[in-house]
Amino acid sequence: MTDQELERRLRAWYRAEIADDERAPTELRVSVAAAVHASSISASRLRDRLNLALVAAAAVAVLAVASLTLNRFAPSLGVGPTPTPTPTATQSPSHPPSPSPYPCGQGVGTCRGNLQPGTYPTNGFRPAFTYTVPAGWQNDLDVHSMLVLLDAAGGQYTYPDGTTFHDGIYAFRGPNATSATSPTVVKGVGKKARDLAQWLSRHVDLVASSPAPVTVGGASGFRLQIALPTTTRTSPDRCTADHGEPRCESLFMSNVPSATPGGPDWYSFGIVGPETAVVYLLDAPSGDTVMVVIDDVDGVDRDVLVAAATPIVNSLVFAP
Amino acid sequence: MVDGRPLEVDKTSERGAAFLRLANEHLDASYRLARAIVRDPGEAQDATHDAFVQAWRKWSTLRDPALFERWFDRILVNTCRNRLDRASRWHLTDISAEVVLGSGDPISDSHERDVIGSAIAMLTPDHRVVVALRYYRDFTLEEIATRLEIPVGTVQSRLHYALKRLHAVIEAADAKGTIR
């Protein structure tokens, strides 16, 4: 049998197996539509559910404080090995985990949903680290290039196109400075924490603080605060087309070479409207650059969010 | 603003409606592609459903709806491949002794279909995917590489080994006179 003969038989097999006019079953069409509608949860219902989770988890908050203290002191004392990622958030039968309002899973990482107080290792995010949360936080996403922790008590902001984002902590692997006019990398800006922090602090269309040196869980880098100025930006930004928000600035995108929009390693990060953010740019022990953002999406309760989120960011311990 | 994470969208929003419009438009072709990869209609239905759910979660990351097909194909193919991985539906056994002699037009013959189908089922998930994209969808190597986000050389390599395996299995069956 020649290659051509094999190819002919394969093509014939597919033609015989699957008719050109074969249609998807009706129940599939219905189930897809139902799944889309089912994932649409109103903001008020989400808040109600998270508040309930917060009350349910309050009873174990004391344990969370103890866990937080231990995990923060152990590395700084410099004695003993780096703490092993211990699942201190073992679920007590009397405090079952609340259902997550997000459809976690389905091949997109292993999102944990509502978190009991405790320390958790990242599942998909690389470089791996552990994080410690008190009650009231939710793991919304944990994939190779991105991890999201949402603050149940935090605010939210709905853009003109109907998309809603929530206050929380967002971690990104390998951020690249991105152009305001096209989804491309800005030439001449390095990929290390210092390069990106300097670029951000000098960005003409941002109000940014000076980068302050920080060390987080074995990663050194810089922290700075950013917001949009009230003045008109110097040039149009493509991000306006994303969610219909006229005030926005595209800032970072994934640097994974194979990442394409929609792919598992793709993301973009920008700042929109009233949003303010505390940005940590860190050189992880693995050699990766990691960006951690405390993101106040509505710009209303920044101080409260930062007070709640900073201990969590400080609890990060990167794998060697 | 973060794009690349699950979104929460009011079901009446235009974005939700836009997604469902595209989903409806591509549903049949997507289901057929899933059939070509996993073969079993029930598995194909589940894979297509899961892929659309995943696509909906990532909907905010698709900037250009014109790229929907290519974007969704990638999600669908990965979903099918993951399902094949989990189900371990390929079994590396010699089927040449199991098939029986057919007659008439080999393409319309159910035995020919069984032999080719069984041979394809013996491939690894990665190989099944490239074979389906090449001989069902008639994609070029470059188009397959784009959809799978892998180098063209990798596509070439996977196709080479897949065809080599198919050659061996089908020729063994043919040589035993079980096909024609």
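If you're wondering where the values come from, they're calculated on a predicted model, not measured in any experiment.

Engineer: Looking at this structure, how should I read the overall build of chain A?
Structural biologist: When its secondary structure is counted, chain A shows seven helices and 17 strands. Put simply, 58% of the contacts in chain A that link residues at least 6 apart link residues at least 24 apart.

Engineer: Sorry, what's going on with the pairing of strand β12 (residues 219–227) of chain A here?
Structural biologist: The side chains of a regular strand alternate between the sheet's two faces. Residues and elements named next belong to chain A. Where strand β10 (residues 207–208) meets β12, two bridges bridge the pair, whose relative direction is antiparallel. By the bridge assignment for β12, A208 is matched with I226. Pairing between strand β11 (residues 212–216) and β12: five bridges, direction antiparallel. Pairing of T215 across the sheet is with S220, part of β12. Count of turn residues in the β11/β12 antiparallel hairpin: two residues, of which G217 carries a positive phi of about 50 degrees. By the bridge criterion, eight bridges tie β12 to strand β15 (residues 276–283) in an arrangement that is antiparallel. When the bridges of β15 are listed, F222 appears paired with L281.

Engineer: Looking at this model, I keep getting lost on the nonpolar core. Mind explaining?
Structural biologist: Within the largest apolar cluster, 62 residues are counted, with the highest numbers of intra-cluster contacts made by Y14(A), F19(B), I37(B), F68(B), V131(B) and L166(B). It is helix α1 (residues 14–38) of chain B that provides the largest number of residues to this core, a total of 11 residues. Both domains that meet at this core, namely domain 1 (10–89) and domain 2 (90–180) of chain B, each give it at least three residues. In this view, V131(B) contacts Y14(A), L123(B), Y136(B), L159(B), A162(B) and L166(B); residues no more than four positions away in its chain are not counted. By size, the runner-up hydrophobic cluster in this structure holds 29 residues, among which are A193(A), W199(A), L200(A) and Y267(A).

Engineer: What should I look at first to understand the side chain of H203(A) in this one?
Structural biologist: Residue and element names in this part refer to chain A. On the secondary structure map, H203 appears in the loop between α5 (193–201) and β10. Judged by its relative accessible area of 14%, H203 is buried. A polar atom in the side chain of H203 sits 3.1 Å from the backbone nitrogen of D205. Apart from the residues lying within four places of it in its own chain, the contact partners of H203 are E249 and L251.

Engineer: What's the story with the packing of helix α1 (residues 3–17) of chain A against helix α7 (residues 152–175) of chain B in this structure? I'm lost.
Structural biologist: A pair of packed helices can be characterised by two numbers: the angle between their axes and the separation between those axes. Here α1(A) crosses α7(B) at 90 degrees, and the two axes come no closer than 11 Å. Between α1(A) and α7(B), the interaxial angle falls into the category roughly perpendicular. Facing D3(A), L6(A), E7(A), R9(A) and L10(A) of α1(A), the residues of α7(B) in contact are L163(B), L166(B), H167(B), I170(B) and D174(B). In terms of residue class, the contact of α1(A) with α7(B) is made up of five nonpolar, one polar and four charged.

Engineer: How should the pattern of salt bridges be read in this particular structure?
Structural biologist: One side chain can pair with another of opposite charge once the charged atoms of both are near each other. Following the criterion strictly, the structure yields 15 salt bridges over all chains and no others. Salt-bridge contacts for E17(A) lead to R39(B); the nearest nitrogen and oxygen are separated by 2.7 Å. Residue E17(A) is located in helix α1, and its partner R39(B) is located in the loop between α1 and α2 (41–57); the two belong to separate chains. Given the relative accessible area of 26%, R39(B) is considered partly exposed. Linking D46(B) and R83(B) is a salt bridge whose minimum nitrogen-to-oxygen distance equals 3.5 Å. Placement of D46(B) in helix α2 and of R83(B) in helix α3 (residues 68–87) is noted, with a sequence separation of 37 residues between them. Judged by its relative accessible area of 13%, R83(B) is buried. Among the ionic contacts, a cluster of salt bridges with common partners joins E43(B), D46(B), D50(B) and R83(B).

Engineer: Looking at this model, I keep getting lost on the packing of aromatic side chains. Mind explaining?
Structural biologist: Pairs of aromatic rings are described using the distance from one ring centre to the other and the angle between the two planes. All names here are of chain B. Throughout the structure, instances matching the rule amount to 17 aromatic pairs over all chains. Pairing F68 with W71 gives two aromatic rings, centres 5.7 Å apart and planes at 55 degrees, and the pair type is tilted. A residue pair is termed a helical-turn pair when its members lie 3 or 4 positions apart in one helix, as F68 and W71 do in helix α3 at three residues. Among the aromatic residues, those joined into a cluster by ring pairs are F19, F52, W56, W59, F68, W71 and F72.

Engineer: Explanation requested: the sheet that holds strand β2 (residues 118–121) of chain A in the structure shown.
Structural biologist: Within a sheet, each strand pairs with its neighbour through backbone hydrogen bonds, oriented either parallel or antiparallel. All names here are of chain A. Pairing within the open sheet is antiparallel, and its three strands lie in the order β2-β3-β17. On the outer flanks of this sheet lie β2 and β17 (317–318), each paired with one strand and no other. Across two bridges, strand β3 (residues 129–133) lies against β17 in antiparallel orientation. Within the sheet, the bridge partner assigned to F129 lies in β17 and is F318.

Engineer: Is there a simple way to think about the environment of E142(B) in this case?
Structural biologist: Mapping E142(B) onto the fold places it in helix α6 (residues 141–148). Classification of E142(B) by relative accessible area gives partly exposed; the value is 47%.

Engineer: Help me out: how do you make sense of the environment of A193(A) in this one?
Structural biologist: Residue and element names in this part refer to chain A. With respect to the helices and strands, A193 occurs in helix α5. For A193, a relative accessible area of 0% translates into the label buried. Along the sequence, A193 and D288 sit 95 residues apart, while their C-alpha atoms lie 9.5 Å from each other. Residues contacting A193, with those up to four places away along its chain left out, are G221, F222, L281, L282, D283 and T289.

Definitions and limits used
Residues numbered from 1 in each chain as written. Chains lettered and ligands numbered in written order. Predicted model: local features only at pLDDT ≥ 70, side-chain atom pairs only at ≥ 80, totals over all residues. Heavy atoms only, no water. Helix = DSSP H or I, 4+ residues; strand = E, 2+ residues; numbered from the N terminus. Contact = heavy atoms within 4.5 Å. Pairing = 2+ DSSP bridges. Core = buried A, V, L, I, M, F, W, Y, C linked by side-chain atoms within 4.5 Å. Buried < 20%, exposed > 50% of the residue type's maximum accessible area, 1.4 Å probe, protein only. Domains from an automatic or database assignment. Polar contact = N/O pair within 3.5 Å; in protein donor to acceptor, adjacent residues only side chain to side chain. Axes fitted to C-alpha atoms, helices over the stretch in contact; angles between N-to-C directions. Parallel < 35°, antiparallel > 145°, perpendicular 65-115°, else oblique. Nonpolar A, V, L, I, M, F, W, Y, C, P; charged D, E, K, R; others polar. Salt bridge = Lys/Arg side-chain N within 4 Å of Asp/Glu carboxyl O. Phe/Tyr/Trp six-rings, centres within 6.5 Å; stacked < 30°, edge-to-face > 60°.

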